[in-house]
Amino acid sequence: MAKNSDLQQLPFTLEDPDLLHNKSYVNGKFIDSSTGNRFQIIDPGTGKPWASCPDCTAADVEPAVQSAHAAFRIYSKFTPSRRAQLLLKWHQLIVAAREDLARILVHETGKTLAEARGEIDYATTFSWWFVGEAERGVHGSTVVSAIPGRRGVVIKQPIGVAAALVPWNFPIALVLRKAAAALAAGCTMVAKTSPETPLTAVCLAHLASKAGFPPGTLNVLTTSLENTPGVAEALCVHPLVKKVTFTGSTRVGKIISGLCSQNLKKTTLELGGNCPFIVFDDANVEQALGQLMALKWRHAGQACITSNRVFVQSGIYDAFVEELVKRSASSLRLGHGMHEETTLGALTTPRGLDKAEELYQDAVAKGAKTALGRGKREDGDGYFMAPTILTEMTDDMAMTHEEIFAPVLGVYRFETEEEVLRRANDTPYGLAGYVFTKNVDRQWRMFENLEAGMIGLNAGNSSAAETPFGGIKDSGHGKESGKDVAINEYLITKTGTMAIENHY
Ligand SMILES: O=CCCC(=O)O
């Protein structure tokens with residue numbers, strides 16, 4: 001199906017213009033929505049539309065799920081080795097399209113070109129990882145029974161059609177983290193994209209077809225903010241969908257969980273975070289600062305594992321804040337992601353800006369001091385906020401309890417290990433936490449007692465394809481990467497019991 005004309009005057013160039021299609025993708029074909037309606041894609045760096053996509057509704061879910069179901073009958077029978085080869089080919093095509101994908105990504109998310117390239121490099125660690133998992137993560141086991149003459153045989157089988165509800169902050173990495181795991185397991189998938197970032201997901205599905213996956217193995221439904229709840233609900237309650245994976249807010253995660261529970265559907269939920277970043281007096285301050293700069297300012301603070309609360313022990317508090325402000329002021333240059341000198345891009349949505357402004361005002365009203373920035377949307381085009389650092393933060397402020405998701409950073413003072421552990425855990429969330437100390441005993445104590453699914457010990461980033469990614473408490477359940485665990489989310493376990501006649 002021909003592209004719609006809005007791709008004829010792109011604000012950037014592509015090495016391979018065939019990569020980008022402003023359609024949904026079902027059963028190996030580019031499609032429009034059943035209503036014919038479309039919605040606009042806004043460049044967060046200008047605040048202006050630059051493309052549009054089909055606005056799918058709940059009515060478009062049925063053909064997409066049927067196509068994934070038909071593909072499942074074929075694809076689930078492929079040998080693990082054949083699945084691994086297809087995944088490898090897909091991985092190679094994505095790597096080859098890196099530069100084009102990065103440019104599209106900048107215009108969907110507002111992140112910088114360097115960050116967009118970094119996201120693709122990160123994303124392809126998942127496609128690479130699941131090439132290996134396709135062959136080695138699906139094995140079962142045999143068991144010697146307690147009953148004489150009996151043996152148990154445990155096999156793993158793909159669960160069926162999976163639905164992925166994906167966020168806008170890392171739309172390539174998180175589609176790939178979910179889809180590569182599902183495809184490695186032998187499942188097929190229908191992905192519903194975020195309204196802000198549909199195009200990169202369609203590129204990935206198109207490349208999957210080019211790699212040789214059967215039509216219907218990976219389908220992508222694009223939809224507007226308005227129609228998102230309807231499409232998501234139709235996927236969650238569809239009887240042929242056996243598994244739902246969602247990344248997004250805790251509020252929506254609980255709705256998804258409720259819908260899926262109606263049919264006892266298996267879920268993986270990667271939800272919000274309120275991650276503490278704790279720096280003790282005995283830390284290597286240089287190391288802590290470097291890691292904090294990379295973690296907090298990554299994609300303008302719009303990552304679920306970013307540090308939401310920075311706790312610094314009182315002995316180094318003033319010096320730490322001074323250096324943090326100095327480095328942030330000198331190294332962060334706000335601007336459109338495509339400009340070479342930009343190191344801090346736009347926020348992806350105006351909703352994010354509004355919320356950040358509210359959180360900033362609440363903190364200042366309750367006594368926080370502004371050490372950098374002004375916690376306010378910048379004048380002019382695009383969704384920009386200059387990096388903002390607040391000090392003398394206290395636990396009664398809204399920023400202490402809510403996910404910030406913006407380039408606003410609050411620094412809290414603490415005195416003792418016991419105190420900071422209590423305050424760090426005083427949140428319903430449990431996604432990640434970070435601890436900086438040279439005391440190995442303290443590292444262990446903090447590792448074991450911090451209530452979160454991922455802990456950085458003198459390290460500020462805990463996401464890697466080879467280790468399990470996921471939270472506890474209100475940050476959700478299930479794991480999205482790592483050995484055996486992530487692929488298991490898309491497998492069922494079946495037990496066979498054999499009685500051996502004339503056993504001796
Ligand atoms: O925002 C959530 C995902 C971030 C990551 O994978 O590092």
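Cut-offs and rules
Residues numbered from 1 in each chain as written. Predicted model: local features only at pLDDT ≥ 70, side-chain atom pairs only at ≥ 80, totals over all residues. Heavy atoms only, no water. UniProt positions renumbered as here; feature names shortened; annotations may be inferred. Helix = DSSP H or I, 4+ residues; strand = E, 2+ residues; numbered from the N terminus. Phe/Tyr/Trp six-rings, centres within 6.5 Å; stacked < 30°, edge-to-face > 60°. Buried < 20%, exposed > 50% of the residue type's maximum accessible area, 1.4 Å probe, protein only. Lys NZ or Arg CZ within 6 Å of the ring centre and 35° of its normal. Pairing = 2+ DSSP bridges. Axes fitted to C-alpha atoms, helices over the stretch in contact; angles between N-to-C directions. Contact = heavy atoms within 4.5 Å. Domains from an automatic or database assignment. Buried area = accessible area lost by both parts, 1.4 Å probe. Salt bridge = Lys/Arg side-chain N within 4 Å of Asp/Glu carboxyl O. Polar contact = N/O pair within 3.5 Å; in protein donor to acceptor, adjacent residues only side chain to side chain. 1 Å grid on protein atoms, 1.4 Å probe; cavity = no way out; pocket = protein on both sides within 12 Å on 5 of 7 lines; lining within 4 Å. Points joined across faces, edges and corners; volume = space filled by probe spheres on them. Nonpolar A, V, L, I, M, F, W, Y, C, P; charged D, E, K, R; others polar.

The next thing to look at is the UniProt feature "domain: Aldehyde dehydrogenase" (unreviewed entry) in the chain. The residues that UniProt annotates with the feature "domain: Aldehyde dehydrogenase" (unreviewed entry) are residues 31–495. As annotated, residues 31–495 has a helix share of 42% and a strand share of 22%, and its two end C-alpha atoms lie 41 Å apart.

Across all of its chains, the model carries 12 aromatic pairs by this definition. Judged by centre distance (5.9 Å) and plane angle (80°), the ring pair of Trp90 and Phe213 falls under edge-to-face. One end of the pair, Trp90, is in helix H2 (residues 80–96); the other, Phe213, is in the loop between helix H6 (198–211) and strand S9 (218–221), with 123 residues separating them in the sequence. Phe213 sits in the buried class, given a relative accessible area of 4%. Between the aromatic rings of Trp444 and Phe447, the centroid separation amounts to 5.8 Å while the plane-to-plane angle is 55°, which identifies the pairing as tilted. Within this pair, Trp444 and its partner Phe447 are both found in helix H14 (residues 440–449), separated by 3 residues, close to a single helical turn. These aromatic residues form a ring-pair network of at least three members: Tyr75, Phe78, Trp90 and Phe213. Directly above the ring of Phe469 sits Arg177, whose terminal nitrogen or CZ lies 3.9 Å from the centroid. The ring of Phe280 has Arg442 sitting right over it, with the charged end atom 4.1 Å from the ring centre.

It is worth spelling out the sheet that holds strand S19 (residues 454–457) at this point. Here 7 strands make up an open sheet; going across it, the order is S14-S15-S16-S13-S12-S18-S19 and the pairing mixed. With one partner strand each, in any of the chains shown, strand S14 (369–372) and S19 form the two edges of the open sheet. Strand-to-strand, the axes of this sheet are offset by a mean angle of 25°, without reference to chain direction. Pairing between strand S18 (residues 432–436) and S19: 4 bridges, direction parallel. Bridging across to S19, Tyr434 finds its partner in Gly456. Against the sheet, helix H11 (residues 350–365) touches S14, strand S15 (388–391) and strand S16 (408–414), its axis set at about 25° to S15.

Turning next to the domain arrangement of the chain. Examined at the domain level, the chain breaks down into domain 1 (45–271 + 477–492) and domain 2 (276–464). Taken residue by residue, the interface counts 26 residues in domain 1 and 29 residues in domain 2. In total, about 2,100 Å² of surface goes out of reach between domain 1 and domain 2, with carbon and sulfur atoms giving 59% of it. Ionic pairing is found between Glu196 and Arg351, a salt bridge with its closest N-O pair at 3.0 Å. Summed over the shared surface of domain 1 and domain 2, the result is 10 residue pairs in polar contact (both at pLDDT 80 or more). Every element with two or more residues in the side of domain 1 that touches domain 2 is listed here: helix H3 (98–109) and helix H4 (113–136).

Turning our attention to unusual backbone geometry. In this model, Phe405 sits at a positive phi of 55°, which is unusual for a non-glycine residue. The backbone of Lys473 sits at a positive phi, close to 50°, despite the residue not being glycine. Its place among the elements puts Lys473 in strand S20 (residues 472–473). Here Lys473 falls in the partly exposed class, since its relative accessible area comes to 35%.

Another point: the layout of surface pockets. In this model, the largest pocket occupies a volume close to 1,200 Å³. In terms of lining, the largest pocket is formed by 39 residues, of which the most central are Trp168, Gly248, Ser249, Arg251 and Val252. Elements with a contribution of two residues or more to the lining of the largest pocket: helix H7 (228–237), strand S10 (241–247), helix H8 (250–261) and H11. When residues in the lining of the largest pocket are grouped by element, the largest group, 6 residues, is from H8. When its residues are assigned to classes, the lining of the largest pocket shows 18 nonpolar, 11 polar and 10 charged.

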